[in-house]
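# Report on the structure
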Amino acid sequence: MWLPVSLNRPLMWIALVALPACVWIPDAALRIVAACLVALGLWDAWSQVRQQRLRLRLAQDAMGLASDAMVISDAENRVIAVNPAFTDITGYESQEMIGRKLETLAAPRHDKAFYQAFWSTLKATGRWEGEMWNRRKHGDEYPEWLKVRAITDKRGNVTHFINLFTDISAQKAREHDLRRIGYEDPLTGLPNRRRLHELMSSRLRGLRAGESLDMVLIDIDGLKSINDSLGVDQGDRLLARFGQRLASYMAGSVVGRLGGDEFMVIRTTTFDDHDKWVANLRDHMCRPFEINEQSLRLGLTFGTCRAPEDGRDSAVLFQRLESALYSAKRLGRNNSQRFRPALDKQDNPQLALVSDLRAALVSGDQLELHYQTQHHPGSGALIGMEALLRWRHPKDGMISPGEFIPLAERHGLMAELGSWVIEKACAQQAHWQHSGMPKITVWINISALQLFQGDLETQLATCLERYRLQPAQIGLELTESVLLDERAGDMGPRLQTLRGLGYAIAIDDFGTGYSSLGYLKRLPVDKIKLDRAFIRELPNDQADAAIVTAVLAMAEGMGLEVVAEGVETKEQCEFLVDAGCTQVQGFYFARPLPADELEQRWAPLPLAVGVN
Ligand code: C2E
Ligand code: CA
Ligand code: CA
């Protein structure tokens, strides 16, 4: 038993002996002496107590001030005390932790052998230090750098453990910068769609009895007209500010951007106040934004749902949020709709489109490949061809790939759609090779999903064999986000092999995906396709002009070819010629055309281009 006063001090013993003497000794003078000794003993005890209290307070203050989390646990590893940094990191208050076994916080990332090694080191040496994954109160898993010391009594038995740890998730994220890019929306720094899926799943897994998730999908009405009237820069600023306001209002919840003008919030709660919560959030986000000294009031459309009532699976919940948002848009926007089961069955055009796309893949006659030529900007000579997918919907007419490809990716149709494209493009290339068309590479766009859902390499090999083509006749366009998508594994070696086989590789939409130049240097690619966003304002926009010039110089230094995309005007073309660009693609030279129209234009083998 712990006493605040030590009996190991002589004054204490003297006082204890003197205490009965105060009562029993008859001599008054001696009694006074004894009383003085008792008083001295009491004073000593009091000063000990004060010192102990001071030490305790200092220790508590130090624990409170420390930015590292501290946990003191007993020999059974049951928590005795935690500091505020622990609460900040894990979300658990001290009273929730006291008496609880520390291992209940462990994330299921380490196997049994890891924990066996942990305990045997701790027992043998009295200390352990290393990285460990734990789980916060709301279910997110995070890495910590943990130091554990075992405290022993005089006989060497462990009485306590002192655990000291820091949350190294930010540090790890920095270490894995490139990986992280695939998880973060670059404009707002918020989690992107992919990360939101993960966060929603982990929050769903972490739900306890009595807890629910409130979820909202927010769509900013008319962002396009804001971009048109204030400029894209101001539109971006508005999106970033919107994200900041949302994140600070919803601190502690998950806030992310799905892309474009769509944001999402996920809150874990024990309250049953979904509608009120949504209404408050709307009020807060509808307050005006000051942009360019103008007060801008936004129209916001909300689709909402709640788990577990509306579903327990993140893919289903995402779809239900989209259904709810869509129904809110149909009701005239700037309002809020909660998911209702009826919405699932209502004629949601997105779902209808997915089922039409399935049918199109089966029938095969609604899909087409169009081809857009690539040219030398000075001479106009034909140097390449990009295959672009088209869907001629029986009722809705032409649907843009920008619309149906993301849908195919989300609904598991991309691998099949991608194979269709490869097959058709190879067949077309083979046909051209036999009909006197210029011998140029046909470039095919490859989606991330084809890299980890389908066996791209085998598919390509099969098609080449079937159509008797050489790999050099086919080029693969991969966007930066595909290269950084870690679901596809480390792309370096795969690209190396493909390139070794003779396929040409290009990075598509270069400049939009934030890949670092250092990373690019390590990637075995032949070409970069400079995104049309940098070309659009040429030659007037100085920043774009500087970027284009710098990319061209950098690419030359790295031995890479550059294709400028989206060239629409003579002025843009002239600027690019002056800047040393040798390959361009865009409406100025040719729009994407069906194969037969292209043949009429290009066969037999002219060398100068007619500009349309
Ligand atoms: P992308 O790969 O960047 O393709 C170029 C897009 O820019 C095409 O749009 C093309 O029509 C358009 N474009 C070309 N020149 C100009 C120009 O001068 N000005 C403007 N404003 N636009 C121009 P499209 O065909 O609508 O394709 C959109 C995107 O859909 C493509 O962007 C690509 O990411 C994707 N896509 C198209 N076909 C396929 C495919 O077979 N597979 C995969 N995975 N994605 C595809
Ligand atoms: Ca492309
Ligand atoms: Ca592109």
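Residues numbered from 1 in each chain as written. Chains lettered and ligands numbered in written order. Predicted model: local features only at pLDDT ≥ 70, side-chain atom pairs only at ≥ 80, totals over all residues. Heavy atoms only, no water.

Our focus in this paragraph is the coordination of the calcium ion (ligand 3). Around the calcium ion (ligand 3), the protein contributes the donor atoms Asp508 (OD), Asp509 (OD), Glu565 (OE) and Glu565 (OE), which lie 2.2 to 2.4 Å from the metal centre. Along the chain, the residues donating to the calcium ion (ligand 3) fall in the pattern D-D-x55-E. Taken as a pair, the calcium ion (ligand 3) and the calcium ion (ligand 2) lie 4.0 Å from each other and share Asp508 as a ligand. One end of the pair, Asp508, is in strand β18 (residues 504–510); the other, Glu565, is in the loop between β20 (561–564) and α23 (570–579), with 57 residues separating them in the sequence. Accessibility expressed as a relative area gives 6% for Asp508, which makes it buried. Judged by its relative accessible area of 8%, Glu565 falls in the buried class. (Donors = N, O, S within 2.8 Å, 3.2 Å for Na, K, Ca; no water. Helix = DSSP H or I, 4+ residues; strand = E, 2+ residues; numbered from the N terminus. Buried < 20%, exposed > 50% of the residue type's maximum accessible area, 1.4 Å probe, protein only.)

The predicted model of the protein has a mean per-residue pLDDT of 86, with 91% of residues at 70 or higher. Within the protein, the element-level pLDDT minimum falls on helix α7 (residues 177–181), averaging 52, and the maximum on strand β21 (residues 583–585), averaging 97. In this model residues 605–612 is a low-confidence stretch, pLDDT under 50, and it forms 19 contacts with partners more than four residues away in sequence or in other chains. (pLDDT = per-residue confidence, 0-100. Contact = heavy atoms within 4.5 Å.)

This part covers the site of ligand 1. Lining the immediate surroundings of ligand 1 are 21 residues, of which Gln372, Arg390, Arg532, Glu568 and Phe587 lie closest. The separation between an oxygen atom of ligand 1 and a polar side-chain atom of Asn445 is 3.1 Å. Take Glu568: an N or O atom from its side chain is 2.4 Å from a nitrogen atom of ligand 1. Listed by contribution, the elements that provide at least two residues to the shell around ligand 1 are β14 (382–393), α15 (401–410), α16 (414–434) and β18. Sort the elements by how many residues they give to the shell around ligand 1 and β14 lands first, with four residues. (Near = heavy atom within 4 Å. Polar contact = N/O pair within 3.5 Å; in protein donor to acceptor, adjacent residues only side chain to side chain.)

The five strands are arranged β7-β8-β6-β11-β12 in an open sheet whose pairing can be described as mixed. Strands with a single pairing partner mark the edges of an open sheet, and in this sheet they are β7 (254–259) and β12 (336–338). Averaged over all neighbouring strand pairs, the angle between strand axes comes to 20°, with direction disregarded. Pairing of strand β11 (residues 300–307) with β12, which is carried by three bridges, proceeds in the parallel orientation. When the bridges of β12 are listed, Gly303 appears paired with Gln337. Those strands touched by helix α10 (residues 232–249) are β6 (212–220), β7, β8 (262–269) and β11, and its axis lies near 5° from that of β8. (Pairing = 2+ DSSP bridges. Axes fitted to C-alpha atoms, helices over the stretch in contact; angles between N-to-C directions.)

Moving on to the side chain of Gln585. By the element assignment, Gln585 lies in strand β21. At a separation of 2.8 Å, a polar atom in the side chain of Gln585 contacts the side chain of Lys529. Residue contacts for Gln585: discarding those within four places in its chain leaves Gln372, Thr373, Gln374, Glu386, Lys529, Val563, Ala564, Glu565, Gly566 and Val567.

A few words now on the packing of aromatic side chains. Summed over the entire model, instances satisfying the criterion amount to 11 aromatic pairs. When the centroid spacing of 6.0 Å and the interplanar angle of 70° are considered together, the rings of Phe86 and Phe165 count as edge-to-face. Of this pair, Phe86 sits in helix α3 (residues 84–90) while Phe165 sits in strand β5 (residues 158–167), and the two are 79 residues apart along the sequence. Across the pair, exposure class does not vary: Phe86 and Phe165 are buried alike. (Phe/Tyr/Trp six-rings, centres within 6.5 Å; stacked < 30°, edge-to-face > 60°.)

With that settled, the discussion passes to unusual backbone geometry. Most peptide bonds are trans, and most residues other than glycine sit at a negative phi. With an omega of 5°, the peptide bond between Ala307 and Pro308 qualifies as cis. Mapped onto the elements, Pro308 comes out in the loop between β11 and α12 (314–330). Of note, the amide linkage connecting Leu538 to Pro539 takes the cis form, showing an omega dihedral of 0°. Locating Pro539 in the fold gives a position in the loop between β19 (527–530) and α22 (542–557). Residues other than glycine seldom take positive phi values, yet Asn77 does so here, at roughly 65°. Within the fold, Asn77 resides in the loop between β1 (69–74) and β2 (79–82). At Asn292, a position not held by glycine, the phi torsion is positive, near 55°.

On to the nonpolar core, then. Counting 80 residues, the largest nonpolar core has Tyr371, Leu476, Leu478, Ile528, Val548 and Leu576 as its most contacted members. A total of nine residues in this core trace back to one element, the largest contributor, which is α16. Among all residues touching Ile528, those that are not within four sequence positions of it are Ile507, Phe510, Val551, Met554, Ala555, Leu560, Glu561, Val562 and Val563. (Core = buried A, V, L, I, M, F, W, Y, C linked by side-chain atoms within 4.5 Å.)

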